[in-house]
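Survey of secondary and tertiary structure
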Amino acid sequence: MRNERINISRRNFLKGAAAVGIMGVGAAGIGSLEGCSGAGEKVTKSATTAGFGGDVTVTLTVDTKKKAVIDAAITGLNETPSRGGRACQVMQQEMIDNATIDIDAVGGATVTSNAVKSAAQTAYNACVGTTTKSTVHMAPGTYTGAAKGYWQVWDLPVTITVNEGSLLKIETPQDRFAHGETEVILQSVKDRYFPRIIETQSIVIDAIAGATATCNAVRSAVEDALKQALVAGGSDKAAISAFKVRPNLKTEQGVTENISTDVLVVGMGTGGILAMKSACEQIQKLNGNQRVSILGLDHAGKYGGKSALTHEGASVNPPEYTKIANNGQDFVDAAAFKALWKDFVTDKSTGKIMAKEDVLDMWFEESGHTIDWMYDMCYRWGTMDANSFTKGKTSFNVALTSNTDTGSYEDRRKILNSYYKQMLAEIEAQGGSYLLETEGYELVTDGNTVTGVKARNLVTGKEYVITAKAVIMSTGGFLNSQKMCNTLLDEQWRGDRRGIGTGQDTGLMFQAALNAGAGTWNVGMSPLVMHVTLDHWLTQYGFNFYENTLDGRTGRTKVWTLNNVPLAVGTSAPTLAINKSGKRFMNEANYESFANTNDDESWPCFAAGDYYWTIVADEQMKVFATEGFNQIPKFEGYCSQGDIPKNTPVPEVYEAMGYAIKEGMAYKAETLADLATLINVDSATFQATVSRYNECVANKNDAEQGKDKKYLTPLKTGPYYAVKVYNAAFATCGGLDVDTQIRVLKADHATPLNGLYATGVDSLGVLMHPKRNYCGFGGVAQGWVWTSSRLAGINAAQYISKTYNGFTYVSPALVDTAATSTAR
């Protein structure tokens, strides 16, 4: 990007910086006060309020004469350990060390920090006996608050309408350029979260699953707007406590409903919806076009899952679509492509194919028919680009293709969501139904046969025992379960795994399948790493916008900010990357890219495990300060707040790295030995690695990793810095063992668990190599989602027809004719 095409103001570097400290919130916070323990001038009280993932409780012991904090304890059991959990620990110690609740927020954990400060103020007020005017009286009208959501760049404005004592309406802008949230996710919040806030008159209700960041932004903005209304009506801001009483939404706790269905689909991402549609069509082929008994469940408050945020799926020469889009000519040499794939999954030392060869053959045979089926149904594909790896066109992009067709990922998400709506409407019209915010957690079995699922409603607490003749799992794997990752993944891939997306891949149904005796295939392999991230984003700097340039991923004006400095340092090519052992493991200039040959790894950063260290010396820092970040081959897309423009000196690099060090994302030392101690790697190994790297630099030849000599810069002068870079994955990659019918097999890899099917990344391992990263062909995970789900629907219907001698009769629910005649 040429400098003159960018609207850059050096004066804006610090303008609009987000304050680290958060002002006290008065007596705000929900009541939840617990009894006094202690006597005399020492009083202990507790208060609880809603954090990012759940309740945050602050317990304070205060010297009432000195009004000083003597002790503090903060718990937030459901907060993200490395962010909200860290905020609780840091803020607890700050209160103790400084004898006050007037402390700074913790970077990267704004919501949790606000919750801590709110609860701390409530507990402190209770300790010292402070009372405030808390009568609720609002000036009727509309008020607007704002808070930052998922990207933490754009404010989400939220307008409320109130009368003297109640919240009546909540609204957000229709124009996506007036906020930064993913529109289909924001819509689920409008549909479900807004009504609950209004019905309960509470802003401390749990977030909608799959939309946590947006719900938390809404909660903060509504609180701000309510405070405005209270002040305008003559009330103290402390009266907000009336809207922070946690309601009991578990109104059906202890209630169990029994449901029967022919086909139960657990997980309504793209795969689950396609499986429902496929099963619907196949059942009607077999039952004479009568209505169908199909039920879908999803943990989230919306359908579409994580795959709704993606786009590209692999396929091989769809017969009909080649006529439409390629003059009837094959898109790719299928035999050559298959040979390439089989070579990729072959263990070179043994010659053994590590994928399931018969399943791979089946995918090559069926994937093209899947594209034709989806095209006939409603899907449209973007312009196809040739893949240098396959030497042909193998990736089908929903609606549009990046950098080719007009539109952004946000446009594509909305189009894809319209496809879901159409398919589900067609399924419902034929008798099917679905339940959202409902998670399956246990399989019901009879010997080797799956006969149903136990599930629960996440909002009301209602339990379901669902009897089903066939169960199709499409739940997205188990990346969001740290416990399962550290149990099922091979040792080198365990640790603090970071994910991209909506966090619905809890692994509950995956574990349920294991508990029922399911076998696995390549389950221990690395998750599907395609991006890198830091622990969190800095918040000290403002945002600058490129003129007339849209960002493809967000669909909004492209942004740059110095909050990206630590990530830019961590991903610059003239640096040294080391693994946990202190050894170099990749070409730093090629950390995130698809491979070009079968001998290379895609996204080679994956090889370090859950994280690695990027090492820089004063030599690199001076270049960043005086010339900018000009040697980042590809700036991280999903895990950054835009980028930093090239040819722009960044003298603030030292300051920004100072913030990163203070917030635990980086370390600094005058010597390599001291740095090794700080990052907990073997000093001798680390120093030897740096020495060898410097030899490569001196020789202008990277014999170890093949980095271009233009990126070779020595690390000889302190101070030295280390940035902790996490590998970010879309999902786990290995999964359950399935056969060519997508049936889940038991641990003997031969006996089916009758009636159970697993699609998408729940079974993607059957196409993979356990020692390699996700392959470089492009769209493989989504391509498997599409084809495995179509086939699972077909095969489940055929299994029911044969095993149960037909299907459940579903009444068209017409008005009874006899009753109608009598009424006349």
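Right above here is the structure, for reference.
Structural notes, computed from the coordinates. For clarity, every value in this text was computed on a predicted model and none was experimentally measured.

1. Considering the sheet that holds strand 6 (residues 167–171)
One open sheet holds the three strands; their spatial order is 4-5-6, and the pairing between them is antiparallel. Each of the sheet's edge strands pairs with one partner strand only, and the pair in question is strand 4 (141–148) and strand 6. Averaged over all pairs of adjacent strands, the angle between their axes in this sheet comes to 25 degrees, without regard to strand direction. Where strand 5 (residues 155–162) and strand 6 come together, four bridges link them in antiparallel fashion. Across the sheet, the residue bridging to I160 is I170, located in strand 6.

2. A word on the nonpolar core
One finds W341 and Y379 to be the most contacted residues of the largest nonpolar core, which totals 157 residues. A per-element tally of this core places helix 17 (residues 780–803) first, with 11 residues. Dropping the residues within four chain positions of it, W341 is found in contact with L360, W363, F364, L767, M768, F777 and V780. Counting 33 residues, the second largest nonpolar core, distinct from the first, contains A139, I170, Y193 and L230.

3. Describing helix 9 (residues 409–429)
Taking 1.5 Å per residue, 21 residues should reach 30 Å; helix 9 reaches 30 Å between its end C-alpha atoms and fits that length. Looking at the buried residues of helix 9, the elements they touch are helix 3 (183–200), helix 5 (270–286), helix 8 (357–377), strand 10 (395–397) and strand 11 (433–435). Where helix 9 terminates, the next one or two residues include G431, which has phi positive at roughly 110 degrees.

4. Quick look at a negative patch on the surface
A contiguous patch of negative charge on the surface is contributed by E94, D97, D102 and D104. On the secondary structure map, D102 appears in the loop between helix 1 (81–98) and helix 2 (110–128).

5. What about the side chain of N564?
Residue position: N564 is located in the loop between strand 19 (557–560) and helix 12 (565–571). One polar contact links the side chain of N564 to the main-chain carbonyl oxygen of Q641, over a distance of 3.0 Å. Leave out the neighbours within four places in its chain, and N564 touches F635, S640, Q641, G642, D643 and I644.

6. Brief notes about helix 14 (residues 653–662)
By the burial criterion, the buried members of helix 14 are V653, A656, M657 and A660. Buried residues of helix 14, viewed axially, fall in a sector of 100 degrees; they line one side. Buried residues belonging to helix 14 abut helix 12, helix 13 (618–627), strand 22 (666–669) and strand 23 (720–729). Downstream of helix 14 by one or two residues, G664 has phi in the positive range, about 80 degrees.

7. A few points about unusual backbone geometry
Cis peptide bonds are those with omega within 30 degrees of zero, and the linkage from G718 to P719 qualifies with 5 degrees. Note on placement: P719 falls in the loop between helix 16 (683–699) and strand 23. With a phi close to 60 degrees, N647 is a non-glycine residue in the positive phi region. Checked against the element boundaries, N647 lands in the loop between helix 13 and helix 14. In this structure, H749 is a non-glycine residue whose phi angle is positive, near 60 degrees.

8. Notes on the sheet that holds strand 2 (residues 55–63)
Pairing is antiparallel across the open sheet formed by three strands, whose spatial order is 1-2-3. Only two strands of the sheet have a single partner each, and these edge strands are strand 1 (42–50) and strand 3 (68–75). Put simply, the sheet's adjacent strands are angled 20 degrees from each other on average, direction ignored. Of the strand pairs in this sheet, strand 1 and strand 2 are connected by nine bridges, and their pairing is antiparallel. Bridging across to strand 2, A47 finds its partner in V58. Along the sheet, helix 2 contacts strand 1, strand 2 and strand 3; its crossing angle with strand 2, the most-contacted strand, is approximately 40 degrees.

9. Some points on the packing of aromatic side chains
Considering all chains together, one arrives at 31 aromatic pairs under this definition. Three or more aromatic residues joined by ring pairs form one cluster here, namely Y321, F331, Y375, Y379, W381, F396, Y419 and W786. One Lys or Arg, K356, reaches over the ring of W521 and ends 5.1 Å from the middle of that ring. The lysine or arginine in question, R553, covers the ring of Y638, its NZ or CZ lying 4.5 Å from the ring centre.

10. Some details on the side chain of K244
In this fold, K244 is placed in the loop between helix 4 (212–232) and strand 7 (256–266). A polar contact of 3.0 Å, which involves the side chain of K244, links it to the side chain of E223.

11. Structural notes on the pattern of salt bridges
Between side chains of opposite charge, a pair can form when the charged atoms approach closely. Within the structure shown, the criterion is met by 41 salt bridges. A salt bridge links D206 to R246, with the nearest nitrogen and oxygen atoms 3.4 Å apart. Residue D206 is found in the loop between helix 3 and helix 4, and its partner R246 is found in the loop between helix 4 and strand 7; the two are separated by 40 residues along the sequence. Of the residues examined, D206 reaches a relative accessible area of 48% and is grouped as partly exposed. Classification of R246 by relative accessible area gives partly exposed; the value is 30%. Residues D535 and R498 are paired through a salt bridge, measuring 2.9 Å at the closest nitrogen-oxygen approach. In this pair, D535 sits in the loop between strand 17 (529–533) and strand 18 (544–550) while R498 sits in strand 15 (residues 498–499), placing the two residues 37 residues apart along the sequence. What makes D535 buried here is its relative accessible area of 9%. A single network of salt bridges, built from pairs that share partners, joins R584, E588, R692, D702, E704 and K707.

12. Digging into the pairing of strand 8 (residues 294–297)
Residues I294 and G296 line one face of strand 8 and the alternating positions L295 and L297 line the opposite face, and both faces are buried. Sheet topology places strand 7 next to strand 8; four bridges connect them, and they run parallel. Residue V266 lies in a different strand from strand 8, and its bridge partner there is L297. With helix 5 bridging strand 7 and its parallel neighbour strand 8, the resulting β-α-β unit is right-handed.

13. Here we look at the packing of helix 7 (residues 334–344) against helix 8
Packed helix pairs are characterised by how far apart their axes lie and by the angle those axes make with each other. Two numbers describe how helix 7 lies on helix 8: the axes approach to 11 Å, and their chain directions differ by 150 degrees. Our classification of the angle between helix 7 and helix 8 gives roughly antiparallel. Helix 8 is crossed by helix 7, and the crossing has right-handed handedness. Facing helix 7, whose interface residues are A334, F337, K338, W341 and K342, helix 8 presents E357, L360, D361, W363 and F364. The residue makeup of the contact of helix 7 with helix 8, split by class, is six nonpolar, no polar and four charged.

14. So, the packing of helix 8 against helix 17
Their axes nearest at 9 Å, the elements helix 8 and helix 17 cross at an angle of 85 degrees. Overall, the two elements helix 8 and helix 17 adopt an arrangement that is roughly perpendicular. Each of V359, M362, W363, E366, S367, H369, T370, I371, W373 and M374 in helix 8 lies in contact with helix 17, whose residues at this interface are G783, W784, W786, T787, R790 and L791.

Calculation rules
- Residues numbered from 1 in each chain as written.
- Predicted model: local features only at pLDDT ≥ 70, side-chain atom pairs only at ≥ 80, totals over all residues.
- Heavy atoms only, no water.
- Pairing = 2+ DSSP bridges.
- Helix = DSSP H or I, 4+ residues; strand = E, 2+ residues; numbered from the N terminus.
- Axes fitted to C-alpha atoms, helices over the stretch in contact; angles between N-to-C directions.
- Core = buried A, V, L, I, M, F, W, Y, C linked by side-chain atoms within 4.5 Å.
- Buried < 20%, exposed > 50% of the residue type's maximum accessible area, 1.4 Å probe, protein only.
- Contact = heavy atoms within 4.5 Å.
- Expected span 1.5 Å × (residues − 1).
- Patch = residues over 30% accessible without salt bridge, like charges linked within 9 Å, V, L, I, M, F, W, Y side chains within 5 Å.
- Areas by Shrake-Rupley, 256 points an atom, 1.4 Å probe, with all protein chains shown as cover.
- Salt bridge = Lys/Arg side-chain N within 4 Å of Asp/Glu carboxyl O.
- Lys, Arg positive; Asp, Glu negative; His and termini not counted.
- Charge placed at Lys NZ, Arg CZ, Asp CG, Glu CD.
- Polar contact = N/O pair within 3.5 Å; in protein donor to acceptor, adjacent residues only side chain to side chain.
- Arc of directions from axis to C-beta.
- Phe/Tyr/Trp six-rings, centres within 6.5 Å; stacked < 30°, edge-to-face > 60°.
- Lys NZ or Arg CZ within 6 Å of the ring centre and 35° of its normal.
- Right-handed = clockwise from strand over helix to strand, strands pointing away.
- Parallel < 35°, antiparallel > 145°, perpendicular 65-115°, else oblique.
- Left-handed = near helix turned anticlockwise from the far one by under 90°.
- Nonpolar A, V, L, I, M, F, W, Y, C, P; charged D, E, K, R; others polar.

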